[in-house]
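Descriptive analysis of the structure
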Amino acid sequence: MKFKILVLLLITLGLASCNKDEEDLVVSYEEMNDLFVPLLIDSRMNFQPIQLDIQHGTHEFFPGVPSQTKGFNGSYLGPTIKMYKDEDVHLQFTNNIGAATSVHGHGLHVPGQVDGSPHNRIEPGETWDVTIPIRQEASSNWYHPHLMGSTAEQVHAGIAGFYIVEDDNSQSLGIPKTYGVDDFPIAVQDRAFVDGRMVDYPIGRTDDLREPTLVINGTVDPFVSVPRSNVRLRLLNASNARSYEFFVEGNLPFHKIATEGGFLESPVELTKLRISPGERNEIVIDMSNGDVELMASYLPTRLNNANPNSDPISRVLYLEVDDNLSPLNTNLAQNLNTIQRYNEGDVVNTRTFDVSDGKINGQKMDMNVINETVNRGELEKWTIKSGRHPFHMHGVAFLILSVNGGPPNHEDVGWKDTFMPNGEGEILLRFDYLATEEYPYMYHCHILEHEDAGMMGQFVVQ
Ligand code: C2O
Ligand code: CU
Ligand code: CU
């Protein structure tokens, strides 16, 4: 309730600033909700196996109004699982949703057999018992269903969670790293509500589902109290189809410290950051000057049609300084990582993926067809032709070589696994793990409606 006063103040300020857009925006937020921070399960501190029950639930996006949702060990989303490089994590996923599913580790570099693809089907009532070998560097990844034809509906219902990988570097760096205090997982989704109730997924939909209300970790209009120091947000675009451009109200600068697969070499100062579905980016916001509003504009389907004056804008998160919390990280490390860059001259094989018309290279996903064969350990160059489709492949992280003929932006020169070139992009990548014909890897558009409708292919690594 203390926020009532603040909101009134903001409304007054909003009116005073005489900016039509801001005024509308501020007035629509009458009361904020405490940001939900998923429970942290640290694979070192807990008895393994880690049990994750995929279940039905009711979740109150709006107080007192239950919506029918699904989640892991809860009503919406799932615990954040912290894993460590060079350790194996034993997980048991039990399917209690009454329909088949699978649980993919998006961003994990693991053999096809434990990837959680459509071939790792978990029937209702069954448990998928899996040991995941973590051999990659510190990074923010996520887990979500991946069954052919029902991924969009199941993710939309709330089945998703974070996998956070730590390593010696991430644990020793001078960066915010206290989970739930100055380090937060932030899953950004869009949902529609009628009288406060979430509108169910329109099953069978084949074109992008874009809905009007932002939901952050399952919370509508969230605020979070943080110390007066640096705060790290692990932004995940877990929306079915929307891309966002994040910014801080007042266009204040923030720093991006990590791409999907690990830290950048040093923090990159930005005032805007675009994230397409499936992508993760870690940012650090300096809270030393007081409260901050993280905002997002909803991008149109084609990024080059973005219009800063007309695309809808929403607040993502209100960060409130609480001086009762002791300041933690005040000096952001400047050397974050060393990235061993590939040499284009070492490329052994090239492939092109044309992602358009609901297909990839003119083909739709067929569970019985292997579309590509890759040799383990060989450097490849892939050309991704994609106007509006975020392209993702399993089992690996890549480096961007070029985007529409030019070099990638400074903030994108780290390890990635999802990429929307908005035209044509070239990437360099090398697969280190096997994926057999029985358990192949997928590449696909991460707009979940497109993926379910067949904008996906399969490949083996031999
Ligand atoms: Cu996030 Cu193949 O998926
Ligand atoms: Cu994936
Ligand atoms: Cu697509």
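It should be noted that the structure appears before, not after, this text.
Note that the structure is a prediction, hence the values are computed from the model and not measured.

A short note on the nonpolar core
Residues L233, I285, L294 and L319 are the most contacted members of the largest nonpolar core, which totals 31 residues. Leave out the neighbours within four places in its chain, and I285 touches S229, N230, V231, L233, V248, F254, V292, L294 and L319.

Structural notes on the environment of T131
Mapped onto the secondary structure, T131 falls in strand β8 (residues 127-134). Separated by 41 residues in sequence, T131 and H90 have C-alpha atoms that sit 4.2 Å apart.

A look at the sheet that holds strand β29 (residues 399-403)
The sheet built from five strands is open, its strands ordered β25-β24-β27-β31-β29 with mixed pairing. Single-partner strands in this sheet number two, and they are β25 (359-360) and β29.

Brief notes about the sheet that holds strand β5 (residues 80-84)
Think of a sheet as strands paired side by side through backbone hydrogen bonds, with each pair either parallel or antiparallel. The mixed open sheet is built from five strands, whose spatial order is β2-β5-β10-β9-β7. Where the open sheet ends on each side, the last strands, each with one partner, are β2 (40-42) and β7 (103-106). Adjacent strand axes in the sheet meet at a mean angle of 25° when their direction is disregarded. Bridge count between strand β9 (residues 139-145) and strand β10 (residues 161-166): five bridges; the pairing is antiparallel. The residue bridging S139 from the neighbouring strand is V165, located in β10.

What to know about the coordination of the copper ion (ligand 3)
Coordination of the copper ion (ligand 3) by the protein is provided by H389 (ND1), C445 (SG) and H450 (ND1), with metal-donor distances spanning 2.0 to 2.1 Å. Each donor residue of the copper ion (ligand 3) lies on one chain, and together they are spaced H-x55-C-x4-H.

Some points on the pairing of strand β24 (residues 349-356)
Here β24 pairs with strand β27 (residues 379-386) via six bridges, running parallel. Within β27, the position partnered with N349 by the bridge is E380.

Criteria and cut-off values
- Residues numbered from 1 in each chain as written.
- Chains lettered and ligands numbered in written order.
- Predicted model: local features only at pLDDT ≥ 70, side-chain atom pairs only at ≥ 80, totals over all residues.
- Heavy atoms only, no water.
- Core = buried A, V, L, I, M, F, W, Y, C linked by side-chain atoms within 4.5 Å.
- Buried < 20%, exposed > 50% of the residue type's maximum accessible area, 1.4 Å probe, protein only.
- Contact = heavy atoms within 4.5 Å.
- Helix = DSSP H or I, 4+ residues; strand = E, 2+ residues; numbered from the N terminus.
- Pairing = 2+ DSSP bridges.
- Axes fitted to C-alpha atoms, helices over the stretch in contact; angles between N-to-C directions.
- Donors = N, O, S within 2.8 Å, 3.2 Å for Na, K, Ca; no water.

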